[in-house]
Amino acid sequence: MELNSASATKAALVNSSMGVMEQLLSKLSKLLEEEYDKLRGVSKQIKFLRDELSAMSTTLHMLADAEDLSGNMRHWRDQVRELAYDIEDCIDAFMDRVDHEHEGPTGILGLFHKLKKLIPRHEITKELEELKARAIEASERHKRYSFMEQPAHRSRSYGVDPRLPALYEEIDRLVGIAGPKKEVIELLAMEMNGSSSAKLRVVSIAGCGGLGKTTLAKQVYDTIRSQFSCAAFASVSQTPDVRKILRDIAKGVGFIQNTGDDDEQQLIDKLRGYLQDKRYLVVLDDVWDAEAWKIIKLALLNNDHGSRIITTTRNARIASFISSQGGNVYQMKPLSFSDSKRLIFKRAFGSESLSCTHLGSVPDELLRKCGGLPLAIITIASILNDQHAKSEWDRVLNDIGYALARNSGAGTMTTILSLSYFDIPLHLRSCLLYLSVFPEDYEIKKQHLINRWTAEGLVHAEQGRTKYEIAESYFNDLINRSMIQPIDVKYGQAKACRVHDIILDYIKCKASEENFVTSIDAVGHGYTSDYKVRRLCVSNYNEGNTTLWASKILTQVRSVTIFGLPVKTSLLPSTALRVLDIGDCRGMNDHHLASIERLFHLMYLRLCSRSIHKLPEKIGELQYLQTLDVQGTSINELPLTIAKLQRLSHLYVNREVKFQDGMIGQMLSLEEMRVYGVQSCDQWKSLQEFGRLTKLKILEIKWNSDMPDGSEGIIQAKAIQTYVGTLLSLCNLQNLYITDASRMYPLSLESWHPDASCGLRNLWLKGFPIYKVPNWIVSLGNLRVLKLWIFFLRSEDIVILGAIPSLVLLKLTAAGGTSGRIIIHGSDGFRSLKYFYLSIGCCGTALEFGAGSMPKVEHLNLVLCVHKMEFRNGACSFGIQHLLALSRIEFQIRGYCWDDNECDPTVDEYDGTSQPPHCQIHKR
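In this text, all values refer to a predicted model and were calculated from it rather than measured experimentally.

1. Overview of the overall build of the protein
Okay, step 1: Tallying secondary structure elements over the protein gives 24 helices and 28 strands in all.
Okay, step 2: Looking at the protein as a whole, 55% of its 924 residues are labelled buried.
Okay, step 3: Put simply, of all contacts in the protein between residues at least 6 apart along the chain, 66% involve residues at least 24 apart.
Okay, step 4: Put simply, the protein shows about 38900 Å² of open surface, and 50% of that area lies on carbon and sulfur atoms.

Right, dumping it as structure tokens:
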């Protein structure tokens, strides 16, 4: 029985109180409708609780938009919320026992077994009676209070606002950062006190929260990074993990050695050695105290190569300290009134020059309250997105004015954030508050967040839409409202997000106030609330072994997230645990997972410590587990019992992980698999098992073994070709990624025949060379992203690729073109293409874009070898002027190429009967 999915007929209106209430009501109704025969002795209590809670739910809906509740009303709301949590935990425990009552011996022993089961059933009955008494008491109490009406909400469209990427990418033009950027660059370049410009120089950008310090630092970084041999951008935050910061710097500057087990001193020594002869640029964003800076600074030596450091901080004293030796402070100022006005109109209406005289003086009055803070302006403008009616602008202005008048001590930013928060529909508020579990400046991957939202019951099913699609619309809506900042946006979809620290402070306060998330750190982790902890977030960067408090308040915790180091606490008493995320907790060992099978309601488990080498065999008893993520661990083989996890839908493993024969074919609920590693040709056979997984939508495969030369290699190539072809017969598969880290013979794809109903949207064949583009690829009507490695690109290939109707992103790697040319004509199609990447490996290939070609391409990325490139009239334009929609060009000239003596561009097909040619790479 699936207890964890909400009824499709229930409205998905939730906030921190309504979330558990709606989920519980749906669960109780489903129990009474579908599982009545299992409720012997408790059906009356459950029906009573459902009816009482339904009446209370109506009141909670009205209270959801009340910013200022009386003490009595707030207390009643909190009591009802905790009651709903406790009832749900009780029902889950009861049904788990009932579902296992059929297990056990038969005969006389079976009779004793059933008698033993009566004891916990009696205990549950007693607990339900106590909960019933609490419900009656809460119901009587609420009759004594007066209630508020619920304000109406405007409906919002889903999907990332297409104007947002432009807003973030061009913010220097919109909010007047061009001037400050120029000043900061000048400070970095100037000589001080007669010292040489080769000396290490530090510029610290200071200013209050919301002024755009990070945006300015990023703009400067992107502008000047090409002048340095290496560069890194790292976030420090209010609770800095110095080891992680040093590792981020090492990764950014190109230090490729493994640093996962290094302590601070080892990292400092390695970085100093690596940077000794390099001109480096490092940005340290959001520095809060001098101690972290002192440690990090030890790694950033003055090597007299003209290196530069940029820091951002809210604290002017910290900025002065950082820049006290060979540096400057740049004090950020609020936006001018004219820049503020351009920004609010650009964000609200998509145009900074739109005539809005009908709004009168309202925009000016709103901007005066924003005080020139870009974050405040964007937040207000997001509420007014596409709202042209003056009445809407008046409403927002009056709401801000009322809040400030009622609480003159409240900061402008807090007032604006509160207004934005209560403007969000109820179903989004819990999703927003949930982000408070992540630390400052943390990059939150969309897929991980959606999986966690789903496990927590924050995503409710709707007719005709998958939970992923619904959750993705939540994610996009929060971006459109400027409550989260998108990361890596490509054509309407962001792969991750980050929460601005001011917004994070606000939602942390809200989440704590409503007992939605309890956040603690290793230094001051006192907990004074009378309520049980429901979701626990621990930030422990103390090298000492910290002991978390022991109390009954942890017995019903539903979610645990730990950052930093492990803590001494037992989570096993909390059988209510749904989410356990220790993927950012270093130092976890195998023994920490002992008895994990007792967490039988667990739905989400993420591990990432290199000290974890295996999963317990009894993990197969976690029958509700939906997501298992062990990427980053040292696990090389999964236990056979994984196949017993019949609700497992998302599996993330390292490519070294081995699966025993038959395991994959039993995971019938699997929707996403990353990464399936192939170490030998024999392992390709197991791909046929994926054919049984009718729900599979995302599959990533990595091949990591060289193929033998000669006839044996040809036989293996043909076999692999067949196995991979079977994957395209999976009609529900939407994303197929196959990458190669070895030597591979070219494949022929002509024998593949995808079903007409194939829904493939993303196809990557990276590192798998092919001789020609197959004709059937045009039939993939939903294909949006395609990455191919083609031996030699033919004119016929270009025509076929151009006919793919929905193709938005195309990445091609080729040795060259037939007859030494690659020409893209205006008649070749590509009517939807926006991003085009082309890497040519052989010297002497001429590239040309004809008139009318690729009419919608905005971003062009070329990687070329120019040793023998054909130049005309002393210049090489490639016909780029014909790409009329082009807004961004990336161009890389490579100093090595495939040896054209070894490559035959006239060969455009391989029949598989002889050994194919290989191209040798030679540096020029």
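The rest of the description comes next.
2. Some thoughts on the environment of arginine 498
Okay, step 1: For arginine 498, the position within the fold is in strand 8 (residues 493-498).
Okay, step 2: Judged by its relative accessible area of 24%, arginine 498 is partly exposed.
Okay, step 3: In sequence terms arginine 498 and proline 439 are 59 residues apart; their C-alpha atoms lie 9.8 Å from each other.
Okay, step 4: Sequence-distant contacts of arginine 498, that is, excluding residues within four places in its chain, are made with Asp441, Tyr442, Glu443, Ile484, Gln485 and Ile487.
Okay, step 5: Among the polar contacts listed, one links the side chain of arginine 498 to the backbone oxygen of aspartate 441, at a separation of 3.2 Å.

3. Looking at the nonpolar core
Okay, step 1: Core analysis: the biggest nonpolar cluster contains 102 residues, and Phe659 and Trp684 have the highest contact counts within it.
Okay, step 2: Residues in contact with tryptophan 684, not counting those within four places in the same chain, are Val678, Ile701, Trp703, Ile720, Tyr723, Val724, Ile738 and Phe768.
Okay, step 3: Membership of the second largest hydrophobic core comes to 93 residues, among which are Ile377, Tyr442, Leu449 and Tyr474.

4. Describing the pattern of salt bridges
Okay, step 1: The final tally for this structure, using the stated rule, is 26 salt bridges.
Okay, step 2: Residue lysine 446 is joined to glutamate 472 by a salt bridge in which the shortest nitrogen-to-oxygen separation is 2.7 Å. With lysine 446 in helix 19 (residues 446-455) and glutamate 472 in helix 20 (residues 467-480), this residue pair connects regions lying 26 residues apart in the sequence.
Okay, step 3: According to the relative accessible area criterion, lysine 446 is buried, its value standing at 7%.
Okay, step 4: Residues joined in a network through salt bridges with shared partners are Arg452, Asp581, Asp584, Arg606 and Asp629.

5. Things to note about the pairing of strand 17 (residues 698-703)
Okay, step 1: In terms of burial, strand 17 is largely enclosed, as 5 of its 6 residues are buried.
Okay, step 2: Where strand 17 lies against strand 18 (residues 735-740), 6 bridges are found, and the strand directions are parallel. Note on strand 18: the bridge partner recorded for lysine 702 is threonine 739.

6. Topic: the packing of aromatic side chains
Okay, step 1: What the rule picks out here adds up to 17 aromatic pairs.
Okay, step 2: A ring pair is formed by phenylalanine 438 and tyrosine 442, whose centres lie 5.4 Å apart and whose planes are at 15 degrees; its orientation type is stacked.
Okay, step 3: Looking at phenylalanine 438, the relative accessible area reads 6%, which means it is buried.
Okay, step 4: Residue tyrosine 442 is classed as buried on the basis of its relative accessible area, which comes to 17%.

7. Observations concerning the sheet that holds strand 6 (residues 444-445)
Okay, step 1: Taken in spatial order, the 3 strands line up as 6-8-7 in an open sheet, and their pairing is antiparallel. The outermost strands of the open sheet, each flanked by one partner alone, are strand 6 and strand 7 (485-490).
Okay, step 2: As paired strands, strand 6 and strand 8 are joined by 2 bridges and run antiparallel to one another. Bridged to lysine 445 within strand 8 is alanine 496.
Okay, step 3: Taken strand by strand, helix 20 contacts strand 7 and strand 8, and its axis lies near 65 degrees from that of strand 8.

8. Focus on unusual backbone geometry
Okay, step 1: Arginine 674 connects to valine 675 through a cis peptide bond whose omega is 0 degrees.
Okay, step 2: Along the chain, the position of valine 675 falls in strand 16 (residues 672-678).
Okay, step 3: The phi dihedral of serine 237 is positive, around 80 degrees, even though this residue is not glycine.
Okay, step 4: With respect to the helices and strands, serine 237 occurs in strand 2 (residues 230-237).
Okay, step 5: Residue serine 595 is not a glycine yet carries a positive backbone phi of 65 degrees.
Okay, step 6: With respect to the element layout, serine 595 can be found in the loop between strand 12 (579-585) and strand 13 (604-607).

9. A short note on helix 8 (residues 213-224)
Okay, step 1: The first and last C-alpha atoms of helix 8 sit 17 Å apart over 12 residues, in line with the 16 Å expected at 1.5 Å per residue.
Okay, step 2: Along helix 8, the residues that are buried comprise Lys213, Leu216, Ala217, Gln219, Val220, Tyr221 and Ile224.

Conventions adopted
- Residues numbered from 1 in each chain as written.
- Predicted model: local features only at pLDDT ≥ 70, side-chain atom pairs only at ≥ 80, totals over all residues.
- Heavy atoms only, no water.
- Helix = DSSP H or I, 4+ residues; strand = E, 2+ residues; numbered from the N terminus.
- Buried < 20%, exposed > 50% of the residue type's maximum accessible area, 1.4 Å probe, protein only.
- Contact = heavy atoms within 4.5 Å.
- Areas by Shrake-Rupley, 256 points an atom, 1.4 Å probe, with all protein chains shown as cover.
- Polar contact = N/O pair within 3.5 Å; in protein donor to acceptor, adjacent residues only side chain to side chain.
- Core = buried A, V, L, I, M, F, W, Y, C linked by side-chain atoms within 4.5 Å.
- Salt bridge = Lys/Arg side-chain N within 4 Å of Asp/Glu carboxyl O.
- Pairing = 2+ DSSP bridges.
- Phe/Tyr/Trp six-rings, centres within 6.5 Å; stacked < 30°, edge-to-face > 60°.
- Axes fitted to C-alpha atoms, helices over the stretch in contact; angles between N-to-C directions.
- Expected span 1.5 Å × (residues − 1).

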